[in-house]
Amino acid sequence: MKTAVVKYGILVVAFLGILLVPGTLNSQSLGFRGQAIGWTTLNPAEPFQAQAGLRYIPELSFSLPAGNYTIDGEFSANIWGSGIYSGDSIELDKQLSPYRMWIKFSGDQFELRAGLQKINFGSAQMFRPLMWFDRIDPRDPLQLTDGVYGLLARYYFLNNANIWLWGLYGEDKIKGWEMFPSKKNSIEYGGRVQLPLYTGEIAATYHHRTADPGPALPDSITLGETSPENRFALDAKMDLAVGLWIEAAISYQDFSFTDLNFKSMLNAGMDYTFGLGNGLHVMTEAFGYLQGEQPFAADQKLLFGLLSAAYPVSIIHNVNAMLFYDFSNNNLYRFINWSVAYDRWSFYIMGFWNPDTYNLYNVDPRTSLYGGWGFQLMAVFNH
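Calculation rules
- Residues numbered from 1 in each chain as written.
- Predicted model: local features only at pLDDT ≥ 70, side-chain atom pairs only at ≥ 80, totals over all residues.
- Heavy atoms only, no water.
- Salt bridge = Lys/Arg side-chain N within 4 Å of Asp/Glu carboxyl O.
- Buried < 20%, exposed > 50% of the residue type's maximum accessible area, 1.4 Å probe, protein only.
- Helix = DSSP H or I, 4+ residues; strand = E, 2+ residues; numbered from the N terminus.
- Phe/Tyr/Trp six-rings, centres within 6.5 Å; stacked < 30°, edge-to-face > 60°.
- Lys NZ or Arg CZ within 6 Å of the ring centre and 35° of its normal.
- pLDDT = per-residue confidence, 0-100.
- Pairing = 2+ DSSP bridges.
- Contact = heavy atoms within 4.5 Å.
- Patch = residues over 30% accessible without salt bridge, like charges linked within 9 Å, V, L, I, M, F, W, Y side chains within 5 Å.
- Areas by Shrake-Rupley, 256 points an atom, 1.4 Å probe, with all protein chains shown as cover.

**Topic: the pattern of salt bridges**
Side chains that differ in sign of charge can pair as their charged atoms come close. If you walk through the whole model with that rule in mind, you get 11 salt bridges. In this structure, Arg 139 engages Asp 137 in a salt bridge whose closest nitrogen and oxygen atoms are separated by 2.5 Å. For the pair shown, Arg 139 and Asp 137 are each scored as buried. The partner of Arg 209 in a salt bridge is Glu 178, and the shortest N-O contact between them spans 3.6 Å. Note that Arg 209 is positioned in strand β9 (residues 200-211) and Glu 178 in the loop between β7 (162-169) and β8 (187-197), a separation of 31 residues in sequence. For the pair shown, Arg 209 and Glu 178 are each scored as buried.

This is how it looks when you write it as C-alpha cells:
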C-alpha cells in the first residue's frame, strides 16, 4: 500500500508542478472526460449464475507545448463494483485503483513516457503470442485492460522503422499469458525493433523478468524458488490481396520443480473485406500454445482455430460473430455481439455458447461469466 501511495504521489506532484510552471498556463490544454459502463450477465447453466456490475473511468489529461517538444499526461481511475449470484449465494466485489497515470515528453521523432500505462504491440489480432503486458479480451468491445508501471522510450525513423525500449516495475500479479507473476519490486526490461517490409512490417522483440511462482503454488513445491525468464519474438504483417500476419514467441524459465521450462506460441492469420452490402470483414487465425523441455516441443499443447465475421448493418448498427475451435479438447466456443452506437451512448447485446470448463483466454474472472451458455447486456456512456 505504501509503495502504491509513493508511486501515485510522485506522478501527481509532477503533474501539479507542470501546471504551476510560470508562463505556461495560457498555452496548456486541459481535458476531462469519463466513461460509465453498466452490464449484466446471465448464465442459465447449472448452477444458474447472474452478474450485475457498474464501472466508471474518469480521465484527466493535459497537453503542454515546450518549444519544439510537447509534454502530455493522462490520469484516470478504475472504479467498479459487481455482484455475482451463483446457486444460493451472492458474492460482492469492488475496486478503486488507478487505471492510467503517465507523463509523456515527445518530439517529432521520439517519445518518452513514464508511469502507469498500456504497452501492447504485435501483428496478431485475436490470439496474440505478444500479449505480454496486457490482458485484452478480443470479445470485449471496450478493449479494457490494466496497465503496467514503467518507462517506455520510442524513436521513429523517417523510413517508418522504429525502436522501443522499456523498463518495468515488477508486480506480483499476472499479466498477459503469464502463469506466474513477476517477483515483486523487481525490474523488468526489454525492447523491440520494427522495420518496414514491402507493404507491411517485420519486428523482433525481447523481454527479461524474474518469475515468482510463490503466489500461484505452495511453498512445498516451489521451495521459495524464483527464476529469470527471457522472452523472444518475431512478427510480421503484409497487406497483399489479403491481409496476412504471423507471430511467434518463445520464453524460457529454469525451475527445478518442472522440466517444461520452454513455452512457445505461434499464430498465423489472414483477413479480407468482401464487397457485399456495406462490406463483410472476415478473419481467420490458427494458434498453438506449446510447453516442453525443448524450444517448440509439444509435451503439453493447446491448438485453436478462429473464424470471425463483422458486418456494419448501418451507421449505428454493427454485428460481429466469432467461432473458436479447440482442436486439443474438441471444444467449440461461440460468441456474437450486436452493437448500437449513438453520439455518447453505446449498447451491446452479446450471446455466448461455450464449454462449461472455460479454457480460452487469461481473462479477469471477476468481470466475465463466459463458461456454458448465456448472454450479456452492456450500456456505455461517454462524456
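**Thoughts on the packing of aromatic side chains**
Scanning all chains against the criterion turns up 27 aromatic pairs. Seen from their ring centres, Phe 127 and Phe 324 are 5.6 Å apart, and the 90 degrees between their planes marks the pair as edge-to-face. Of this pair, Phe 127 sits in the loop between β5 (110-117) and β6 (148-156) while Phe 324 sits in strand β15 (residues 317-326); the two residues are 197 residues apart in sequence, bridging distant segments of the chain. Taken together, a centroid distance of 6.3 Å and an interplanar angle of 75 degrees make the contact between Trp 132 and Phe 133 edge-to-face. The same class applies to Trp 132 and to Phe 133, which are both buried. The rings of Phe 127, Trp 177, Phe 287, Tyr 289, Phe 304, Phe 324 and Tyr 333 are connected pair by pair, giving a single aromatic cluster. Above the plane of the ring of Trp 102 lies Arg 113, whose end atom (NZ or CZ) is 5.5 Å from the centre.

**What about the confidence of the model for the protein chain?**
Taken over all residues, the pLDDT of the protein chain has a mean of 90, while the share at 70 or more is 90%. Taken element by element, the predicted model of the protein chain shows its lowest mean pLDDT in helix α1 (residues 2-19) (52) and its highest in β7 (98).

**A word on the pairing of strand β17 (residues 345-353)**
Pairing geometry for strand β16 (residues 331-341) and β17, over 8 bridges, is antiparallel. Of the residues in β17, the one forming a bridge with Trp 338 is Ile 349. From the end of β16 to the start of β17, which pair antiparallel, there are 3 residues. Here 9 bridges tie β17 to strand β18 (residues 373-382), and the two strands are oriented antiparallel to one another. Bridge assignment links Phe 347 to a residue of β18, and that residue is Ala 379.

**What about the side chain of Ser 251?**
Residue placement: Ser 251 occurs in strand β11 (residues 243-252). Relative accessible area serves as the criterion here: at 9%, Ser 251 is assigned to the buried category. Leaving out residues up to four positions away in the same chain, Ser 251 has contacts with Glu 229, Asn 230, Arg 231, Asn 261, Phe 262 and Lys 263.

**Some thoughts on the environment of Ile 202**
The topology assignment puts Ile 202 in strand β9. Exposure remark for Ile 202: the relative accessible area of 37% places this residue in the partly exposed category. Once you skip the residues sitting within four places of it in the chain, Ile 202 turns out to touch Val 193, Gln 194, Leu 195, Leu 197, Asp 235 and Ala 236.

**Concerning the environment of Gly 34**
Residue position: Gly 34 is located in strand β1 (residues 29-43). Given a relative accessible area of 7%, Gly 34 falls into the buried group. With 268 residues separating them in the primary sequence, Gly 34 and Leu 302 have C-alpha atoms 39 Å apart.

**A short note on a nonpolar patch on the surface**
A contiguous nonpolar surface patch, about 1100 Å² in accessible area, is contributed by Tyr 155, Phe 157, Ile 163, Leu 165, Val 193, Leu 195, Leu 197, Tyr 198, Ile 202, Leu 240, Leu 244 and Met 270. Broken down by secondary-structure element, the contributors of at least two residues to the nonpolar patch are β7 and β8. In terms of residue count, β8 provides more of the nonpolar patch than any other element does, 3 residues in total. On the basis of relative accessible area, Leu 244 is assigned to the partly exposed category, the value being 34%.

**Points about the environment of Leu 377**
Looking at the secondary structure, you find Leu 377 in strand β18. Along the sequence, Leu 377 and Tyr 206 sit 171 residues apart, while their C-alpha atoms lie 39 Å from each other. Contacts of Leu 377, omitting those with residues within four sequence positions, involve Gly 38, Trp 39, Thr 40, Tyr 348 and Ile 349.

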